[in-house]
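Listed below are the residues making up each chain.
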Amino acid sequence: MAKAAPQIQSEVAALPAHIAIIMDGNGRWAKQQGIARVRGHKQGAEAIRTLLEACKTRPHIKYITLYAFSTENWNRPKDEVSDLMELLRHYIRHEAKTMHKEGVRLRFIGDREALSKDIQKELADVEAMTAGNTALTLVIALSYGSRQELANAMKRIGQKIADGSLKPDAVTEQMISEHLDTSDIPDPDLLIRTGGDERLSNFLLWQSAYTELYFTEVLWPDFSGAHLDKAIECFSQRERRFGARNE
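1. Structural notes on the packing of aromatic side chains
- Tallied over the full model, the rule gives 5 aromatic pairs.
- Each ring, one from Tyr-67 and one from Phe-203, has its centre 4.3 Å from the other, and the planes form 10°; the classification is stacked. Placement of the pair is Tyr-67 in strand β2 (residues 63-70) and Phe-203 in the loop between β5 (190-193) and β6 (212-215), with a sequence separation of 136 residues.
- Aromatic side chains Phe-69 and Trp-74 sit 4.8 Å apart centroid to centroid with 75° between the ring planes, which places their arrangement in the edge-to-face category.
- We classify Phe-69 as buried; its relative accessible area is 3%.
- These aromatic residues form a ring-pair network of at least three members: Tyr-67, Tyr-144 and Phe-203.

2. Here's the deal with the nonpolar core
- By size, the foremost hydrophobic cluster in this structure holds 43 residues, and its most contacted members are Ile-19, Ile-64, Leu-138, Ile-192 and Leu-228.
- Ranked by residues supplied to this core, first place goes to helix α3 (residues 78-101) with 8 residues.
- Ignoring sequence-local partners within four residues, the contact set of Ile-19 consists of Ile-61, Tyr-63, Ile-64, Thr-65, Leu-190, Ile-192, Leu-228 and Ile-232.
- Core analysis: the next-biggest nonpolar cluster, separate from the first, contains 11 residues, Ile-22, Ile-109, Tyr-144 and Phe-203 among them.

3. Comments concerning the pattern of salt bridges
- Under the criterion given, the structure shown has 21 salt bridges.
- As a salt-bridge pair, Glu-86 and Arg-89 come within 3.4 Å of each other at their nearest N and O atoms. One end of the pair is Glu-86 and the other is Arg-89, both in helix α3 and 3 residues apart, which spans about a single turn.
- Owing to a relative accessible area of 45%, Glu-86 belongs among the partly exposed residues under this scheme.

4. Brief notes about the sheet that holds strand β4 (residues 136-144)
- Pairing within the open sheet is parallel, and its 6 strands lie in the order β3-β4-β2-β1-β5-β6. Lying at the two open borders of the sheet, with one neighbouring strand each, are β3 (104-109) and β6. Averaged over neighbouring strand pairs, the angle between their axes works out to 20° when direction is ignored.
- Across 4 bridges, strand β1 (residues 18-22) lies against β5 in parallel orientation. Looking at β5, one finds that Ile-19 is bridged to Leu-190.
- Across the sheet, helix α7 (residues 225-236) is in contact with β1, β5 and β6; its angle to β5 comes to roughly 135°.

5. Structural notes on the side chain of His-179
- Tracing the sequence through the fold places His-179 in the loop between α6 (173-178) and β5.
- Setting aside chain neighbours within four positions, we find His-179 in contact with Ala-153, Arg-156, Ile-157 and Lys-160.

6. A short note on helix α5 (residues 146-162)
- Relative to the 24 Å expected for 17 residues at 1.5 Å per residue, α5 spans 24 Å between its end C-alpha atoms, a close match to the ideal helical length.
- Residues of α5 that are buried: Ser-146, Glu-149, Ala-153 and Ile-157. One side of α5 carries all its buried residues, which in axial view fall inside an arc of 65°. In α5, the exposed positions that point more than 90 degrees away from the buried face belong to Arg-147, Lys-155 and Ala-162.

7. Considerations on the confidence of the model for the protein
- Predicted confidence across the protein gives a mean pLDDT of 92, with 92% of residues reaching 70 or more.
- Confidence over residues 6-13 falls short of pLDDT 50; this stretch has 9 contacts with residues more than four positions distant or in other chains.

8. Focus on the pairing of β4
- Of all 9 residues in β4, 9 are buried, a share of seventy percent or more.
- Taken together, the 7 bridges between β2 and β4 define a ladder with parallel strand orientation. Its bridge partner lying in β4, Tyr-63 is registered against Thr-137.
- Looking at chain direction, β3 and β4 are connected through 6 bridges and run parallel. When the bridges of β4 are listed, Leu-106 appears paired with Leu-138.

About the cut-offs
- Residues numbered from 1 in each chain as written.
- Predicted model: local features only at pLDDT ≥ 70, side-chain atom pairs only at ≥ 80, totals over all residues.
- Heavy atoms only, no water.
- Phe/Tyr/Trp six-rings, centres within 6.5 Å; stacked < 30°, edge-to-face > 60°.
- Helix = DSSP H or I, 4+ residues; strand = E, 2+ residues; numbered from the N terminus.
- Buried < 20%, exposed > 50% of the residue type's maximum accessible area, 1.4 Å probe, protein only.
- Core = buried A, V, L, I, M, F, W, Y, C linked by side-chain atoms within 4.5 Å.
- Contact = heavy atoms within 4.5 Å.
- Salt bridge = Lys/Arg side-chain N within 4 Å of Asp/Glu carboxyl O.
- Pairing = 2+ DSSP bridges.
- Axes fitted to C-alpha atoms, helices over the stretch in contact; angles between N-to-C directions.
- Expected span 1.5 Å × (residues − 1).
- Arc of directions from axis to C-beta.
- pLDDT = per-residue confidence, 0-100.

Take a look at the structure:
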């Protein structure tokens, strides 16, 4: 049973509706435990389940976006990449139906063409199955890189300019957003990075222009509902001005 969230001294309107997370620290967690890296990744998958349980009692959270596998992660040792892909298959097959029953909508962003055909099909099937769910939208970034995403958006817009269907001076920020993988998803209010590093690592660069950033030393497999509340409380104490002055 999900643990009830503690009271946070803030209006619900001031709490984040969309939280993005860079789930860092699986390998270091495994090293600390003296176990194989793959077991660290498996424990990281368990932490996702813990996160989703926590979201049930925090109704202001409508979107969670997780950085699961970056375009740069393809450069990791082949056996680690293979383990991660197998873990992905296992997670989709064993968790998707449960999340569907709980009203969770799943969305996947990133370069699907780089993934194996069977994984591509399973991602599409899961998206179709959960498309009508409204309790929570879980967005998983796979083979994702924000610079690549932006380059692809520019190519699509450039093609419209080249074929005459769009004038260059008609290009707006809103149009760029509509050509990104996240076109149907609001920008994140809060971005959490676990594991101690303080950088975005090519994650949601356009979308995070005015996102509040929160960094924690906690390794992802140890991330709990209490850690989530600490990040949310920090967010609730900040003043978001979006570039304007508050006289």
